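# Architecture at a glance
Letter by letter, the chains look like this.
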Amino acid sequence: MQIGYRTLKTAIAAPAAVFIAEMLQLDNYGSAGIIAVLCIQPTRKQSFLTAWHRIAAGLLSMVYAYVIFEWIGYSPLTIGLLLLLFIPVTNKLHITPGIVTSLVILFHFYAARRVDVDIVINESLIMFIGIGVALLLNLYMPNLDNKFIELRKDVEANYQTFFRSIASYLRGESTMINTTVLESTKKILREADDLVQRDMENSFSKSTSYRRRYFSMRDIQLHSLERMLKVMRPQMVSVKQAKLIADLFDDLADAIYPENPVEYHISYVDDLLERFEKQDLPKTREEFEIRADLFQLLNEIDHYLAIKNQTVKDVID
């Protein structure tokens, strides 16, 4: 059984908030723990946004409690009336996530059968203690550097496997291309996208921007790899141009590291395209179709490389 960092922070926030509220001899001090738990969030951005929602909704609920309970009375029907009027306003003000915290406060007023200065101060302190403790704990977020490095290495290893598999296929050494790595890469990139979003809400550092660009680049390249796969056919091994492209894929596997602007490989692809255009025209329909597929494959490789080249330049600039 593993204990996550959010579970740990929740286990710390609740008793800490209750302890502070109890030390201040506040009524309903246990509610400070409930509010603290509700405010524990996965990112700093969400934490501050949640705090604002709960404070705004909590203060607004006190106004409604005074107007409804003190002017109309304390009964289950007035609770329904209050919520009927209160909830649409929170929707309009975009502070709906604070409704649960507000309900805690409202029922304290209802149980006390009064809305006066003393209880308003009491409830305000409970709310601020719970939210404040949660905010302090949410300032700490786990470092994701090692996880990003692991995901990056997994993506690059999958691309290397895919390139070497195509090279082997084009040489006639294998009759199958390893496509499972592409499905694996899709899952990795989805996980990376979630982590990048979380990292962006926790930090605005240069490394966060780089990670977003890097995994976005790999995602676009993945679509290019899928298009390469569609033009692959067994007959390709019968033409000599396939061997040259196989050598190119081996080189790409060796040059997968992210800092490489692949300018050499772009030039190499351009050279191959030029050489293919100068060669004798195909003599049969089948050879023509194979050459056309190889030409399309080279264009996809060129697109794959251009994506990386532009990303590396943008990062450097």
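What you see is a predicted model, and the numbers here were worked out from it, not measured in a lab.

### Looking at the overall build of the protein
Within the protein one finds twelve helices and zero strands. Taking 317 residues into account, the globule formula puts the C-alpha radius of gyration at 20 Å, and the protein, at 31 Å, lies well above it. When its C-alpha atoms are laid out on the principal axes, the protein stretches across 95 × 40 × 35 Å. Within the protein, the proportion of its 317 residues that are buried is 44%. Counted over contacts in the protein with a minimum sequence separation of 6, partners at least 24 positions apart contribute 78%.

### Observations concerning the packing of helix α10 (residues 241-254) against helix α11 (residues 263-278)
Interhelical geometry of α10 versus α11 gives an angle of 175 degrees and a closest axis separation of 11 Å. Relative to α11, α10 is oriented roughly antiparallel. Contact with α10, carried on its side by Gln-241, Leu-244, Ile-245, Leu-248, Asp-251 and Leu-252, involves His-265, Tyr-268, Val-269, Leu-272, Arg-275 and Phe-276 of α11 and no other residues of that element. Taken together, the residues of the contact of α10 with α11 break down into eight nonpolar, two polar and two charged.

### Regarding unusual backbone geometry
Of note in the backbone geometry, Gln-25 takes a positive phi value of approximately 60 degrees without being a glycine. By secondary structure assignment, the location of Gln-25 is in the loop between α1 (5-23) and α2 (30-39). Using a relative accessible area of 70% as the deciding quantity, one classes Gln-25 as exposed.

### A few points about the pattern of salt bridges
Considering all chains together, one arrives at 16 salt bridges under this definition. Between Asp-250 and Arg-164 there is a salt bridge, and its shortest N-O distance comes to 3.7 Å. A residue pair is termed long-range when its members are at least 10 positions apart, and Asp-250 in helix α10 and Arg-164 in helix α7 (residues 145-170) qualify at 86 residues. A relative accessible area of 37% places Arg-164 in the partly exposed class. The salt bridge partner of Arg-171 is Asp-247, with a shortest N-O separation of 2.9 Å. Here the residue Arg-171 occupies a position in the loop between α7 and α8 (180-202), and Asp-247 occupies one in helix α10, the gap between them amounting to 76 residues. Within the structure, one salt-bridge network assembled from shared partners comprises Arg-164, Arg-171, Asp-247, Asp-250 and Asp-254.

### Things to note about the side chain of Asp-293
Position of Asp-293 relative to the elements: it lies in helix α12 (residues 285-316). Not counting chain neighbours up to four residues away, the residues in contact with Asp-293 comprise Val-231, Arg-233 and Met-236.

### As for the packing of aromatic side chains
Scanning the model with the defined rule gives 13 aromatic pairs in all. Between the aromatic rings of Tyr-64 and Phe-86, the centroid separation amounts to 5.5 Å while the plane-to-plane angle is 70 degrees, which identifies the pairing as edge-to-face. Of this pair, Tyr-64 sits in helix α3 (residues 44-72) while Phe-86 is found in helix α4 (residues 76-92), placing the two residues 22 residues apart along the sequence. Where Phe-163 meets Phe-249, the ring centres are 5.7 Å apart and the plane angle is 40 degrees; that geometry is what we call tilted. Of this pair, Phe-163 sits in helix α7 while Phe-249 sits in helix α10; the two residues are 86 residues apart in sequence, bridging distant segments of the chain. With respect to burial, Phe-163 and Phe-249 carry one shared label: buried. Pairwise contacts between aromatic rings join Tyr-159, Phe-162, Phe-163, Phe-249 and Tyr-304 into one cluster. Cation over ring: Arg-113 sits above Tyr-110, and NZ or CZ is 4.4 Å from the ring centre.

### Digging into the environment of Ser-238
Secondary-structure assignment places Ser-238 in the loop between α9 (206-231) and α10. Owing to a relative accessible area of 57%, Ser-238 belongs among the exposed residues under this scheme. Remark: the alpha-carbon pair of Ser-238 and Glu-287, spanning 49 residues in sequence, is separated by 8.8 Å.

### Remarks on the side chain of Asn-309
In this fold, Asn-309 is placed in helix α12. Apart from the residues within four sequence positions on either side, Asn-309 is in contact with Pro-261, Val-262, Glu-263 and Ile-266.

### Digging into α10
Its 14 residues give α10 an end-to-end C-alpha distance of 21 Å, which sits within 8% of 20 Å, the value for a rise of 1.5 Å per residue. Considered for burial, the residues of α10 that qualify are Gln-241, Ala-242, Ile-245, Ala-246, Leu-248, Phe-249, Asp-250, Leu-252 and Ala-253.

### What about helix α6 (residues 117-138)?
With 22 residues, α6 extends 31 Å from end C-alpha to end C-alpha; this agrees with the ideal 32 Å at 1.5 Å per step. For α6, the full list of buried residues reads Ile-119, Asn-122, Glu-123, Ser-124, Ile-126, Met-127, Ile-129, Gly-130, Ile-131, Val-133, Ala-134 and Asn-138. Among the structural elements, α1, α2, α3 and α5 (99-112) are those in contact with the buried residues of α6.

### Concerning the packing of α4 against α5
At a closest axis distance of 12 Å, the pairing of α4 and α5 adopts a crossing angle of 150 degrees. It follows from the interaxial angle that α4 and α5 lie roughly antiparallel. Relative to α5, the crossing made by α4 is right-handed. Contact with α4, carried on its side by Pro-76, Ile-79, Leu-82, Leu-83, Phe-86, Ile-87 and Thr-90, involves Ile-99, Ser-102, Leu-103, Leu-106, Phe-107 and Tyr-110 of α5 and no other residues of that element.

Criteria and thresholds
- Residues numbered from 1 in each chain as written.
- Predicted model: local features only at pLDDT ≥ 70, side-chain atom pairs only at ≥ 80, totals over all residues.
- Heavy atoms only, no water.
- Helix = DSSP H or I, 4+ residues; strand = E, 2+ residues; numbered from the N terminus.
- Rg over C-alpha atoms; globule rule 2.2 N^0.38 Å.
- Buried < 20%, exposed > 50% of the residue type's maximum accessible area, 1.4 Å probe, protein only.
- Contact = heavy atoms within 4.5 Å.
- Axes fitted to C-alpha atoms, helices over the stretch in contact; angles between N-to-C directions.
- Parallel < 35°, antiparallel > 145°, perpendicular 65-115°, else oblique.
- Nonpolar A, V, L, I, M, F, W, Y, C, P; charged D, E, K, R; others polar.
- Salt bridge = Lys/Arg side-chain N within 4 Å of Asp/Glu carboxyl O.
- Phe/Tyr/Trp six-rings, centres within 6.5 Å; stacked < 30°, edge-to-face > 60°.
- Lys NZ or Arg CZ within 6 Å of the ring centre and 35° of its normal.
- Expected span 1.5 Å × (residues − 1).
- Left-handed = near helix turned anticlockwise from the far one by under 90°.

Any functional reading would require information beyond the geometric quantities listed.
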